[in-house]
Amino acid sequence: MHIAEGFLPPVHAVAWSAAAAPFVIHGVRALTREVKSNPESTLLLGASGAFTFVLSALKIPSVTGSCSHPTGTGLGAILFRPPIMAVLGTITLLFQALLLAHGGLTTLGANVFSMAIVGPWAGYGVYRLLRRFDVPLMGAVFGGAFVADLSTYCVTSVQLALAFTDPSSGFLGALGKFGSIFAVTQIPLAISEGLLTVLVMRLLVRSSKGELTRLGVLLTRKQSQAAQAAKGAQAAEGTEVESR
Amino acid sequence: MSMSKNAKINTLLLLVVAALAVLPLALGLGDHKEEPFAGADGEAEGAITEIDPGYEPWFTPLYEPPSGEVESALFALQAAIGAGVLAYYFGVHRGRRQGEARARAAYEKNAENAENAENAETAASPSGD
């Protein structure tokens, strides 16, 4: 659930848009580079965007007695790294702001910052960390997707608490209020998102082994270290040859 | 019906997701609310008016679905577009794998036939000589 149109004071709206813009511009560059150098990845890029489309359209009941929807940004962040997800997430948010009156244009910057920037980066970070500790692929994917989802709504709560500090209990009081609405509601949905992301990754491992290997998803820590070392050795050899 | 281990795990994942969505409804976890299972974004709007009763949204959506029905149709459309693209992706890859398997089988069969023919020829050649 995104922040509704007009529900952030103008100063906050402008500030969040300014904060989000560089990430999205950088993401557009990363996306064009990816499509140019690996045209065969276009289809998987589309599938990653499609996953976000599906998941952020599903409003699911939660234990708090209210509804919210997952984000679907963890998958794309794990496959293509977070900058590209910033673009795919922004497209989804624009679609919802323009056609569904869900979220909004004045709150687009804040919503992009939470769902398309912090969520993917947090999820990707957790995924990489778990992989570094040799957690099996699917465990790391679950952790990454869960954190991408939950962190998005934690940021939404912080954004609202910053804009609407409680007159009696201050920022923390407001954070508690918005957090109980967004973040607590989101916990079971984040579990669902983690499980669905694992499901799609399992299907991808079966159908697109080559692609996942190229993207480095299927490598274990040792394998990726070996690949890095080989690359380094190659580069060193290259400079040696050049210097001769 | 026998399922592969892989299909069993995938089905289990879907069942857990379904259970997580249905249990709050089945257990009546929204009963204490005036409006059970409303959107969290709407509740946040309520909290904002509680904290700052004078706050007025300063911008309204350029387009707003005229009714709840149209809105849910558009949400369904969004999910359908996404699901369609995902299905296309997995369909293309399944087709590719099947095509590769068929081509490999045909190639192996050809090679086998050629080998058999060669063997038959060498076996036949001494008597013809």
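Predicted, not measured: the structure shown is a model, and the values here were computed from it.

### Observations regarding the overall build of chain A
For chain A, the count of helices and strands is nine helices and two strands. Reading chain A from its N terminus to its C terminus gives the helix and strand order α-α-β-β-α-α-α-α-α-α-α. By the compact-globule yardstick of 18 Å for 244 residues, chain A fits well, its C-alpha radius of gyration being 20 Å. Burial statistics for chain A: of 244 residues in total, 56% are counted as buried. The long-range share in chain A, meaning contacts at least 24 apart out of those at least 6 apart in sequence, stands at 74%. By element, 69% of the accessible surface of chain A is carried by carbon and sulfur atoms, the whole surface being about 9,600 Å². Separation of charge centres in chain A, based on 17 positive and 11 negative side chains, amounts to 4 Å.

### Some points on the side chain of Gln-159 of chain A
Residue and element names in this part refer to chain A. Position of Gln-159 among the secondary structure elements: in helix H6 (residues 137-163). Within the structure, the side chain of Gln-159 is placed 2.9 Å from the backbone oxygen of Ala-110, a separation counted as a polar contact. If sequence neighbours within four positions are ignored, Gln-159 has contacts with Ile-3, Leu-8, Trp-16, Ala-110, Phe-113 and Ser-114.

### Focus: the pattern of salt bridges
Where side chains of opposite charge bring their charged atoms close, a pairing between them can arise. Residue and element names in this part refer to chain A. Following the criterion strictly, the structure yields seven salt bridges over all chains and no others. A salt bridge links Asp-166 to Lys-177, with the nearest nitrogen and oxygen atoms 2.9 Å apart. In this pair, Asp-166 is assigned in the loop between H6 and helix H7 (170-207) and Lys-177 in helix H7, connecting sequence segments 11 residues apart. By relative accessible area, which is 8% here, Asp-166 ends up buried.

### So, the nonpolar core
The biggest cluster of nonpolar side chains holds 37 residues, and the ones touching the most others in it are Leu-79, Tyr-127, Met-201 and Leu-204 of chain A. With sequence-adjacent residues up to four places away left out, Leu-204 of chain A is seen in contact with Leu-44, Leu-75, Leu-79, Lys-209 and Leu-212 of chain A together with Tyr-89 and Phe-90 of chain B. By size, the runner-up hydrophobic cluster in this structure holds 33 residues, among which are Tyr-153, Leu-160 and Phe-182 of chain A together with Ile-48 of chain B.

### Some words on the packing of aromatic side chains
Evaluation of the coordinates by the stated rule reveals 10 aromatic pairs over all chains. Judged by centre distance (6.3 Å) and plane angle (85 degrees), the rings of Trp-121 of chain A and Tyr-124 of chain A are edge-to-face. Placement of both Trp-121 of chain A and Tyr-124 of chain A in helix H5 (residues 108-132) is noted, with a separation of three residues, approximately one turn of the helix. With relative accessibility at 9%, the residue Tyr-124 of chain A sits in the buried group. Feature note: the residues Phe-7 and Phe-164 of chain A together with Tyr-55 of chain B constitute an aromatic cluster, connected by ring pairs.

### Quick notes on the interface of chain B and chain A
Interfaces are often sized by the amount of accessible area the parts lose when they come together. Contacts between chain B and chain A engage 55 residues on the former and 64 residues on the latter. Summing both partners gives a buried area of about 5,200 Å² for chain B against chain A, and 74% of it is carried by carbon and sulfur. One salt bridge in this structure joins Lys-59 of chain A and Glu-71 of chain B, with 3.8 Å as the shortest N-O distance. Inspection of the chain B/chain A interface yields 18 residue pairs in polar contact (both at pLDDT 80 or more). It is helix H3 (residues 68-128) of chain B that contributes the most residues to the side of chain B that touches chain A, 16 residues altogether. Among the residues forming the side of chain B that touches chain A, the class breakdown is 37 nonpolar, nine polar and nine charged.

### Thoughts on the environment of His-69 of chain A
Residue and element names in this part refer to chain A. Positionally, His-69 belongs in the loop between strand E2 (67-68) and helix H3 (73-80). Taking the C-alpha atoms as reference points, His-69 and Val-54, 15 residues apart in sequence, are found 10.0 Å from one another. In this structure, His-69 is in contact with Met-1, His-2, Leu-55, Ser-56, Leu-58, Lys-59, His-102, Tyr-153, Gln-186 and Leu-189, ignoring residues within four places of it in sequence. A distance of 3.1 Å separates polar atoms of two side chains, one belonging to His-69 and the other to His-102.

### Quick notes on the side chain of His-93 of chain B
Among the secondary structure elements, His-93 of chain B is positioned in helix H3. Exposure remark for His-93 of chain B: the relative accessible area of 11% places this residue in the buried category. Look past the residues within four positions of His-93 of chain B in its chain and what remains in contact with it is Leu-43, Ser-207 and Ser-208 of chain A.

### A look at the state of the cysteines
By definition, a disulfide links two cysteine residues through a covalent bond between their sulfur atoms. All names here are of chain A. Inspection of every chain in the model, using the stated rule, returns zero disulfides over all chains. Looking at the unpaired Cys-67, the closest cysteine sulfur is the one in Cys-154, lying at 19 Å. Among the residues examined, Cys-154 registers a relative accessible area of 34% and is labelled partly exposed.

### With respect to unusual backbone geometry
In this structure, Asp-134 of chain A takes a positive phi of about 60 degrees despite not being glycine. Exposure remark for Asp-134 of chain A: the relative accessible area of 47% places this residue in the partly exposed category. Even without a glycine there, the phi angle at Phe-37 of chain B is positive, about 60 degrees. Of note, Phe-37 of chain B is situated in the loop between helix H1 (5-26) and helix H2 (40-51). By relative accessible area, which is 19% here, Phe-37 of chain B ends up buried.

### Brief notes about a negative patch on the surface
On the surface, Glu-108, Glu-112, Glu-115, Glu-118 and Glu-121 of chain B cluster together to form a negatively charged patch. Looking at the secondary structure, you find Glu-118 of chain B in helix H3.

The rules behind these values
- Residues numbered from 1 in each chain as written.
- Chains lettered and ligands numbered in written order.
- Predicted model: local features only at pLDDT ≥ 70, side-chain atom pairs only at ≥ 80, totals over all residues.
- Heavy atoms only, no water.
- Helix = DSSP H or I, 4+ residues; strand = E, 2+ residues; numbered from the N terminus.
- Rg over C-alpha atoms; globule rule 2.2 N^0.38 Å.
- Buried < 20%, exposed > 50% of the residue type's maximum accessible area, 1.4 Å probe, protein only.
- Contact = heavy atoms within 4.5 Å.
- Areas by Shrake-Rupley, 256 points an atom, 1.4 Å probe, with all protein chains shown as cover.
- Lys, Arg positive; Asp, Glu negative; His and termini not counted.
- Charge placed at Lys NZ, Arg CZ, Asp CG, Glu CD.
- Polar contact = N/O pair within 3.5 Å; in protein donor to acceptor, adjacent residues only side chain to side chain.
- Salt bridge = Lys/Arg side-chain N within 4 Å of Asp/Glu carboxyl O.
- Core = buried A, V, L, I, M, F, W, Y, C linked by side-chain atoms within 4.5 Å.
- Phe/Tyr/Trp six-rings, centres within 6.5 Å; stacked < 30°, edge-to-face > 60°.
- Buried area = accessible area lost by both parts, 1.4 Å probe.
- Nonpolar A, V, L, I, M, F, W, Y, C, P; charged D, E, K, R; others polar.
- Disulfide = S-S within 2.5 Å.
- Patch = residues over 30% accessible without salt bridge, like charges linked within 9 Å, V, L, I, M, F, W, Y side chains within 5 Å.

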